[in-house]
Amino acid sequence: MTRQVQSYGHVVVIYGGHSAEREVSLNSGAAVLAACQRQGLEVTGYDLAEGGVAGLQALNPDLVFIALHGRGGEDGCLQGALELAGIPYTGSGVLASALGMDKLRTKALWQTLGLPTPESVLLSPEADWNEVADRLGLPLVVKPVHEGSTIGISIVNSRDELETAYREAATFDTRVMAERFVSGDEFTLSVLGDSALPAIRVEVPSGFYDYEAKYLSNETLYHLPCGLDAEQETALGELCLAAFEAVGCQGWGRVDVMRDAEGRFWLLEANTVPGMTDHSLVPQAAAHAGIDFDELVLRILDTARERG
């Protein structure tokens with residue numbers, strides 16, 4: 001694909017911020033910034049924690065690449081500010097970003113539309129822990145409603161562990177949920193534009209794809225091809241695209257899925273600003289489809305230009 005780099009204008013890559021995912025965001029932003037520089041774009045990197053939205057506007061961007069993970073960057077707040085300023089940006093809009101950041105409401109929407117997702121409940125300090133365990137079964141998963149990168153997440157194997165897991169998750173978010181545990185293989189499906197990229201099967205020796213397994217460990221295995229036959233992978237792609245569209249996501253993103261012992265897929269969450277680090281899944285899936293990192297960044301920018 002032939003492009004005129006001047007047509008992108010001044011691109012600002014936003015990263016950093018104040019969320020619990022700041023360090024991952026700094027790494028994602030640095031990788032995207034370097035890719036833009038290699039392609040000869042007029043580009044500036046900007047840590048939103050340094051000067052807020054006012055500092056961003058002072059840079060006079062023509063286009064913004066959002067590499068800001070977590071709250072403040074992935075939840076619709078930044079998107080709303082950019083909408084008001086009339087600045088095109090990558091990724092999903094205000095509503096889809098806010099909804100995608102709220103795991104519980106995303107799952108409620110999927111359930112309403114008949115899309116498969118594990119049963120979940122909202123927890124509180126007054127919760128009847130035995131009732132929660134009886135309803136969802138053990139083991140179960142406890143997680144903050146508004147965090148990403150598996151921050152604050154626990155797999156609970158006994159009733160005695162449930163309240164402790166709740167309190168740990170509550171240090172990251174005022175809303176905490178419990179979710180039925182699905183035993184099986186974990187898959188992730190990246191979306192670029194209107195298309196599904198090749199699915200990845202994630203294998204973790206510890207059995208828990210937590211923050212360390214995602215970003216720090218060299219033992220995590222990413223299977224490409226994912227091991228599904230053509231029919232199964234097509235079905236997975238169709239399910240994830242339907243889930244992505246249901247939330248209203250645009251441009252690019254990722255949907256995480258479990259496959260149980262009977263071969264059924266279960267939607268876990270939608271990610272509207274996925275990681276772009278050397279351990280990240282979207283770049284791996286794109287590379288398997290013949291799209292190198294620099295080209296991936298440009299294609300994501302293209303989706304923003306088209307929408308803008």
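Before reading further, recall that the structure is shown in the block above.
Just so we're clear, the structure is a prediction, and the values are computed from it rather than from any experiment.

Cis rather than trans, the peptide bond between Leu138 and Pro139 has omega equal to -5 degrees. Counting through the fold element by element, Pro139 comes out in the loop between α6 (129-136) and β5 (140-144). At the junction of Leu224 and Pro225, the peptide bond is cis and its omega measures out at 0 degrees in the coordinates. Looking at the secondary structure, you find Pro225 in the loop between β11 (221-223) and α9 (230-247). Positive phi, close to 55 degrees, is recorded for Asn60, a residue that is not glycine. Asn60 gets classed as exposed once you look at its relative accessible area, which sits at 58%.

Let's shift gears to helix α1 (residues 22-38). Counting along an α-helix, one turn takes 3.6 residues, and residues three or four places apart therefore face a common direction. An ideal rise of 1.5 Å per residue puts 24 Å on 17 residues; α1 measures up with 24 Å between its terminal C-alpha atoms. Inspection of α1 places Val24, Ser25, Ser28, Gly29, Val32, Leu33, Ala35 and Cys36 among the buried residues, and these make up the whole buried set. The arc that holds every buried residue of α1, seen down its axis, measures 165 degrees, which confines them to one face.

To continue, consider helix α2 (residues 48-58). Two or three places before Ala49, at the opening of α2, Asp47 has a side-chain oxygen 2.9 Å from that residue's backbone nitrogen. Following α2 by one or two positions, Asn60 has its phi on the positive side, about 55 degrees.

Locating Glu219 in the fold gives a position in the loop between α8 (211-215) and β11. Using a relative accessible area of 56% as the deciding quantity, one classes Glu219 as exposed. Distance from Glu219 to Pro205, taken between C-alpha atoms, is 7.1 Å for residues 14 residues apart in sequence. When residues no more than four places from it in sequence are discounted, the contact partners of Glu219 are Glu203 and Pro205.

Here we take up the sheet that holds strand β4 (residues 120-123). Strand order across the open sheet formed by four strands is β4-β7-β5-β6, with antiparallel pairing between neighbours. With partners counted over all chains shown, the strands left at the sheet margins are β4 and β6 (154-156), one partner each. Across the sheet, the mean angle separating the axes of adjacent strands is 25 degrees when strand polarity is ignored. Direction of pairing for β5 relative to β6: antiparallel, over a ladder of three bridges.

Quick look at the packing of aromatic side chains now. The tally for this structure, following the rule as stated, stands at three aromatic pairs. Ring plane angle 45 degrees and centroid distance 5.6 Å describe the contact between Trp129 and Tyr166, whose orientation is recorded as tilted. Linking Trp129 in helix α6 with Tyr166 in helix α7 (residues 159-170), this pair joins segments that are 37 residues apart in sequence. Here Trp129 matches Tyr166 in class, with each residue buried. Look at Phe187 and Phe265: their rings are 6.2 Å apart centre to centre, the planes differ by 85 degrees, and that puts the pair in the edge-to-face class. Of this pair, Phe187 sits in strand β8 (residues 184-192) while Phe265 is found in strand β13 (residues 265-271), placing the two residues 78 residues apart along the sequence. Of the residues examined, Phe187 reaches a relative accessible area of 2% and is grouped as buried.

Turning to the nonpolar core, a few remarks are in order. Core analysis: the biggest nonpolar cluster contains 32 residues, and Val13, Cys36, Phe65, Met276, Leu296, Val297 and Leu301 have the highest contact counts within it. For this core, the elements supplying multiple residues, two or more each, are β1 (10-15), α1, β3 (63-66), β10 (200-203), α10 (281-288) and α11 (293-307). Ranked by residues supplied to this core, first place goes to α11 with six residues. Each residue touching Val297, except ones within four places of it in the same chain, is listed here: Val32, Ala35, Cys36, Phe65 and Met276. Counting 22 residues, the second largest nonpolar core, distinct from the first, contains Trp110, Leu115, Cys226 and Ala270.

How each quantity is defined
Residues numbered from 1 in each chain as written. Predicted model: local features only at pLDDT ≥ 70, side-chain atom pairs only at ≥ 80, totals over all residues. Heavy atoms only, no water. Helix = DSSP H or I, 4+ residues; strand = E, 2+ residues; numbered from the N terminus. Buried < 20%, exposed > 50% of the residue type's maximum accessible area, 1.4 Å probe, protein only. Expected span 1.5 Å × (residues − 1). Arc of directions from axis to C-beta. Polar contact = N/O pair within 3.5 Å; in protein donor to acceptor, adjacent residues only side chain to side chain. Contact = heavy atoms within 4.5 Å. Pairing = 2+ DSSP bridges. Axes fitted to C-alpha atoms, helices over the stretch in contact; angles between N-to-C directions. Phe/Tyr/Trp six-rings, centres within 6.5 Å; stacked < 30°, edge-to-face > 60°. Core = buried A, V, L, I, M, F, W, Y, C linked by side-chain atoms within 4.5 Å.

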